[in-house]
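Coordinate inspection notes
So the chains spell out like this:
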Amino acid sequence: MVDGVVATLQSKTMLRATVDFDKAGKQTGFVQVPHSVHDDAWGVIPVPIAVISNGRGPTIILEGGNHGDEYEGPIVLGELIRTLDPGAVSGRLIFIPAINLPAAAAARRTSPIDDLNFNRAFPGDPLGSPTQQIVAYVNDVLFPMADAFLDLHSGGSSLMITPSAIIEPVADPERHGLNTAATLAFGAPMTVAIDNRGDPRTATASAARAGLTVVGTEMAGAGAVSIDALALCRRGVRNVLAHLGALSPEMADPPKTASRVYDLPGSNAYVLATDEGVFEPFHVNGAVVRAGQPAGRIHFLVDPSRPPVELAYGADGVLYGRRQPGKVRPGNCCLVVARPLDAP
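Model, not experiment: these values are computed from the prediction.

1. Some remarks on the nonpolar core
Within the largest apolar cluster, 32 residues are counted, with the highest numbers of intra-cluster contacts made by I60, L62, L93, F95, F186, V237 and L241. Of all the elements in the fold, those that place two or more residues in this core are β3 (44-54), β4 (59-63), α2 (72-83), β5 (91-96), β6 (148-153), α5 (173-186), β9 (213-221) and α7 (227-243). The element contributing the most residues to this core is α7, with eight residues. The residues touching L241, leaving out its near neighbours within four places in the chain, are I60, L62, L93, A246 and L247. With 31 residues, the next largest nonpolar core counts I94, F118, I134 and L142 among its residues.

Laid out in structure tokens, this is it:
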């Protein structure tokens with residue numbers, strides 16, 4: 001009997017939204033995550049949510065704050081929530097601009113409550129920790145409502161990434177084509193197909209499995225707000241919404257030149273630290289690099305008699321991402337190389 005009760009509970013969610021997803025117009029509210037702690041027995045974590053709905057059209061989920069130290073997406077989504085006239089929308093837009101609220105409030109990649117990475121926790125657990133419960137709500141409640149999903153990221157505190165739109169690779173050619181077209185519509189100068197080392201636990205991978213059209217971004221990083229990346233994100237989100245039919249084409253600002261498409265060439269894309277020390281990169285993002293070429297070196301400040309250890313690139317391409325903190329330990333990602341798909 002107990003097993004039957006647990007199974008019933010696991011098919012539902014304990015989270016409650018204060019918005020009505022079927023109501024027309026603009027609403028702002030919260031998804032309430034039960035959180036019983038020492039100083040608050042029956043409290044909740046109030047995760048912000050907004051819905052703008054008008055007439056017929058697609059349902060699109062716009063997510064920011066998946067990692068709490070990535071800022072361009074949440075800023076842009078907050079602006080749209082405040083300024084977008086429901087009359088300009090065809091369909092329904094569901095905004096979750098700080099979905100990983102505990103991490104966003106702490107400016108951390110992972111939640112300070114359970115130390116979980118929201119973007120490596122799908123499909124979640126409705127009876128799990130707070131992060132797992134929020135993930136399960138997105139996966140089990142929001143994804144089934146939607147036709148498309150925009151997941152707005154940057155490099156966070158540990159990486160500076162060239163501002164880019166991200167294609168979620170999928171096996172089905174038709175779905176892959178829809179993802180690619182929507183991602184190119186974003187209008188970033190650089191578009192990159194990224195499978196996150198094949199990890200199926202990401203938000204975009206889970207949305208793709210649910211049959212949604214998926215668009216991702218990487219908007220700079222280094223734990224700061226990039227002026228250029230923020231401007232690109234503002235334009236790009238509107239471009240995608242227009243491409244999907246939720247906004248009129250007049251509200252888009254398509255780029256004048258086509259985006260170049262890249263991918264990450266497997267494990268060779270990553271230059272990883274081999275020792276503990278301080279990493280000195282040899283190149284800036286956008287530099288053309290070759291496999292075997294020196295990429296940087298690790299200095300040992302506590303032992304000045306020890307020579308630096310040099311690291312090399314494992315693939316041809318362009319430098320796409322660069323570690324932001326100088327301090328490294330074995331296994332840290334120091335550099336990322338992207339490979340142009342139109343290369344000879």
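2. Some points on the pairing of β6
Burial of β6 is extensive: six of the six residues sit out of reach of the surface. The alternating pattern of β6 places A148, L150 and L152 on one face and F149, D151 and H153 on the opposite face, and all of these are buried. One ladder, built from four bridges, connects β4 with β6; its direction is parallel. Its bridge partner lying in β6, E63 is registered against D151. Relative to β9, β6 is paired through six bridges, and the arrangement is parallel. Looking at the pairing, H153 lines up with E218 of β9.

3. A short note on the environment of V76
Inspection of the secondary structure assignment puts V76 in helix α2. As a C-alpha pair, V76 and G64 span twelve residues in sequence and 8.8 Å in three-dimensional space.

4. Things to note about the pairing of β4
Burial analysis of β4 places five of its five residues in the buried class, which makes it a mostly covered element. Along β4, one buried face is formed by T59, I61 and E63 and the opposite face, lined by I60 and L62, is buried too. Two elements, β4 and β5, share five bridges in a ladder whose sense is parallel. By the bridge assignment for β5, I61 is matched with I94.

5. Observations regarding the side chain of S129
Within the element layout of this structure, S129 appears in the loop between α3 (101-106) and α4 (130-142). When its relative accessible area of 19% is taken as the criterion, S129 is described as buried. Discounting chain neighbours no more than four positions away, the residues touching S129 are D114 and L116.

6. With respect to α7
The first and last C-alpha atoms of α7 sit 24 Å apart over 17 residues, in line with the 24 Å expected at 1.5 Å per residue. Every buried residue of α7 is listed here: A229, L230, L232, C233, G236, V237, N239, V240, L241 and A242.

7. What to know about the side chain of S259
Position of S259 relative to the elements: it lies in the loop between α7 and β10 (260-263). There is a polar contact of 2.8 Å between the side chain of S259 and the backbone oxygen of A188. In this structure the side chain of S259 is engaged in a polar contact, spanning 3.4 Å, whose partner is the backbone oxygen of P189.

8. Section: unusual backbone geometry
Cis rather than trans, the peptide bond between F122 and P123 has omega equal to 10 degrees. Locating P123 in the fold gives a position in the loop between α3 and α4. For R197, which is not glycine, the phi dihedral falls at a positive 60 degrees.

9. So, the confidence of the model for the protein
Taken over all residues, the pLDDT of the protein has a mean of 95, while the share at 70 or more is 96%. Here residues 4-10 is modelled with pLDDT under 50, and outside its nearest four sequence neighbours on either side it reaches four contacts, counting other chains as well.

10. Here's the deal with the packing of aromatic side chains
Two descriptors summarise a pair of aromatic rings, namely the distance from one centre to the other and the angle between the planes of the rings. Counted under the stated rule, the structure contains three aromatic pairs. Centroid distance F122 to F143: 6.1 Å. Interplanar angle 15 degrees. Geometry classified as stacked. Here F143 lies in the loop between α4 and β6 and F122 lies in the loop between α3 and α4, a separation of 21 residues in the sequence. For the pair F122 and F143, one class covers both residues: buried. Aromatic pair F143 and F149: ring centres 5.2 Å apart, planes at 70 degrees, arrangement edge-to-face. Accessibility classification places F143 together with F149 in one group, the buried group. Connected via pairs of aromatic rings, a cluster forms that spans F118, F122, F143 and F149. Cation over ring: R197 sits above Y270, and NZ or CZ is 3.9 Å from the ring centre. The ring of F300 is capped by R306, whose NZ or CZ atom sits 3.6 Å from the centre of that ring.

11. Here we look at the packing of α5 against α7
In contact at an axis separation of 7 Å, α5 and α7 are set at 140 degrees when each is read in the N-to-C sense. The angle between α5 and α7 places the two elements in the oblique class. Helix-helix and strand crossings are classified by hand; for α5 and α7 the assignment is right-handed. Residues A181, A182, A185 and F186 of α5 form the contact with α7, whose own contacting residues are L232, C233, G236, V237, N239, V240 and H243. Counted by class, the contact of α5 with α7 contains eight nonpolar, three polar and no charged residues.

About the thresholds
Residues numbered from 1 in each chain as written. Predicted model: local features only at pLDDT ≥ 70, side-chain atom pairs only at ≥ 80, totals over all residues. Heavy atoms only, no water. Core = buried A, V, L, I, M, F, W, Y, C linked by side-chain atoms within 4.5 Å. Buried < 20%, exposed > 50% of the residue type's maximum accessible area, 1.4 Å probe, protein only. Helix = DSSP H or I, 4+ residues; strand = E, 2+ residues; numbered from the N terminus. Contact = heavy atoms within 4.5 Å. Pairing = 2+ DSSP bridges. Expected span 1.5 Å × (residues − 1). Polar contact = N/O pair within 3.5 Å; in protein donor to acceptor, adjacent residues only side chain to side chain. pLDDT = per-residue confidence, 0-100. Phe/Tyr/Trp six-rings, centres within 6.5 Å; stacked < 30°, edge-to-face > 60°. Lys NZ or Arg CZ within 6 Å of the ring centre and 35° of its normal. Axes fitted to C-alpha atoms, helices over the stretch in contact; angles between N-to-C directions. Parallel < 35°, antiparallel > 145°, perpendicular 65-115°, else oblique. Left-handed = near helix turned anticlockwise from the far one by under 90°. Nonpolar A, V, L, I, M, F, W, Y, C, P; charged D, E, K, R; others polar.

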